[in-house]
Each structure stands twice: as structure tokens, then as C-alpha cells.
Amino acid sequence: MPDHVAVPDGDYDPRAFPPFAVAVDLAVFTVRDARLQVLLVRRGEHPHRGAWALPGGFVRPEESAGEAARRELAEETGLSRETVRGLHLEQLRTYSDPRRDPRMRVVSVAHTALLPDLPEPRGGGDAAHAQWVPRDGAGPLAFDHGLILADAHDRIRAKLEYTCLATAFCPPEFTLGELQQVYETVWGVPLDRPNFRRKVLATPGFVEPVQGPPRPTGGRGKPAALHRAGPASVLHPPLLRPEGRPQP
């Protein structure tokens, strides 16, 4: 008899084991209207029916957690599978508190992303509605999604410290003031303009100057020089957040 064939055992009852499931939850951020916003869905089913939550759901038997995350994001927001397939989702951490879901023991593998140029979502699947919500305006969330959202926000703040991701939220040609606004929006703190400018220009490959006339600022200040994203993908040295300032 092959080794992998199970032998019936009269003392074995699979119903004696408590139900258990693996789920995925997604904290997806973007910058819209100069504010950090997060993608939320309003739950259409129990438990927590009618409450705001992060997109997500159960992992199917034939799926990996990453595949389930992309499927759930497409189903619950109405984003096309082509759009979702091209997104860079980063695994955040695993959430396993036994009381996190009233239905049964559910362990969630959370994912997060900070992405530019995402379309307006629409509800689908278990979600009655989906929309972008300002991060600082997101109220109580279902399950332990408030904790996941806070952890994810901290992760994307750190991501701006050591990657060039912030340039993706700027026009193809941008001023250093526009780049600084992205950092201030995601970090939630004001930055010293001369210090920020000095650090950006001293980081190899972060930005490159654009030849041509500077852009008028619209105020009394002198026109601002234009830059474009440089060839680097990792910042060395990293652009660290200011210490000792409150962060929402």
C-alpha cells in the first residue's frame, strides 16, 4: 500500500477538530487630493454587516495566500484582474488572535501596498460598497482591521525612507516641493524645506535635474527647478523620518 494512503481508524473522528481557516486582508494606500487614502469596503454580510473593513476573504484550497489576496481585491473592489495582477502587494504579517473572528479560528495573512494611479473602486463579492477613505478619517473597522491598518501605515512610512517610491506620486517632471509634499502626506509630519532639499540632492540616483526653464511657483518665490525620477530604486543613505514629532 502506498505510504500516502490513509488507513481508516475507528478512533479517528475529523469532526472532533475545531474548524480553522486561513484568510487574507489587504491595506492598500494611495495619495489622492494631497491626502493619504486607504481602500475600504462596507461589509455586505455577517459578521459585522454594514461595517467598514479592509478588503479580504478566505483562502481557497487551491490558492496561495498571494493568489487569494489578488482575487479578493479584484472581487471586492471591482478593480480589473489585469489591474490587480500588475500591483505590487507586500506581505505584512500574520494575525492569529483566537478571538479575531466570531465565526471560527481564522488566521489572516495581511498584505499592504502604497500605489499610484488606482481607479475608483466599486463593491462586489462580500462587499456592498468600496471606496477610498482618508487615512485620518477611517473610523472603527470590523474584526482587527484597525490594528492591521495601523501596522500597514507604519510599514509604508518606512518604505519611503529607503526606496524611491515617492517619485511615483509626482508628475513626470516635478519640483522638490512636490516631492516633499508626498513625504509629508504619507509620514503625517511637516518637513524642513532646506534640509529635505539637501538630503534629496545628496542621495545618488534619487532625482535628476531637467534641462530647461524652471516652473513658476505661483507665489512670490523664485521659479522652482524641475526634476525627474533618477535610476535608483533604493535610497542610500535612507531618508529618515524626523524624530520626536507626533505621527497620526
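Up top is the structure.
Parameters at a glance
Counting from 1, residues in each chain are numbered in the order their sequence is written. Only residues with pLDDT of at least 70 get local features here, since the model is predicted, and only at 80 or more are side-chain atom pairs given and counted; chain-wide, interface and lining totals rely on the full set of residues. Side-chain numbers come from the whole structure's heavy atoms, not from hydrogens or water. By salt bridge we mean one thing: a side-chain nitrogen of Lys or Arg within 4 Å of a carboxyl oxygen of Asp or Glu. Where helices and strands are cited, they refer to DSSP runs of H or I of at least four residues and of E of at least two residues respectively, numbered from the N terminus. When accessible area is computed with a 1.4 Å probe and restricted to protein chains, residues below 20% of their type maximum are described as buried, those above 50% as exposed, and intermediate ones as partly exposed. Stacked, tilted and edge-to-face pairs are distinguished by plane angle, under 30 degrees for stacked and over 60 for edge-to-face with tilted covering the rest, among Phe, Tyr and Trp rings (Trp via its six-membered ring) whose centres lie within 6.5 Å. Criterion for a charge above a ring: Arg CZ or Lys NZ at most 6 Å from the ring centre, at most 35 degrees from the ring normal.

Student: What should I look at first to understand the pattern of salt bridges in this one?
Tutor: Tallied over the entire structure, the rule returns 15 salt bridges. Asp-151 is the salt-bridge partner of Arg-93, the closest N and O atoms lying 3.5 Å from each other. Remark: Asp-151 occurs in helix 3 (residues 145-162) and Arg-93 occurs in strand 5 (residues 90-95); sequence separation between them is 58 residues. Classification of Arg-93 by relative accessible area gives partly exposed; the value is 42%. The class for Asp-151 is partly exposed, based on a relative accessible area of 23%. Linking Asp-154 and Arg-241 is a salt bridge whose minimum nitrogen-to-oxygen distance equals 3.6 Å. Separated by 87 residues along the polypeptide, Asp-154 in helix 3 and Arg-241 in the segment after strand 9 (227-229) bring together distant segments of the chain. Classification of Arg-241 as buried rests on a relative accessible area of 18%. Among the charged side chains, a salt-bridge network with shared partners connects Arg-60, Glu-63, Arg-71, Glu-72 and Glu-75.

Student: In this structure, what is going on with the packing of aromatic side chains? I would like to understand it.
Tutor: Given two aromatic rings, one states the distance between the centres and the angle between the planes to describe the pair. All chains considered together, the criterion is met by 2 aromatic pairs. Ring geometry for Tyr-183 against Trp-187: centres 4.9 Å apart, planes inclined by 70 degrees, an arrangement best described as edge-to-face. Of this pair, Tyr-183 and Trp-187 both sit in helix 4 (residues 176-187), 4 residues apart, which is roughly one turn of the helix. Here Tyr-183 falls in the buried class, since its relative accessible area comes to 0%. The ring of Tyr-95 has Arg-93 lying over it, and the distance from NZ or CZ to the ring centre is 4.4 Å.

Just distances and angles here, no functional claims.
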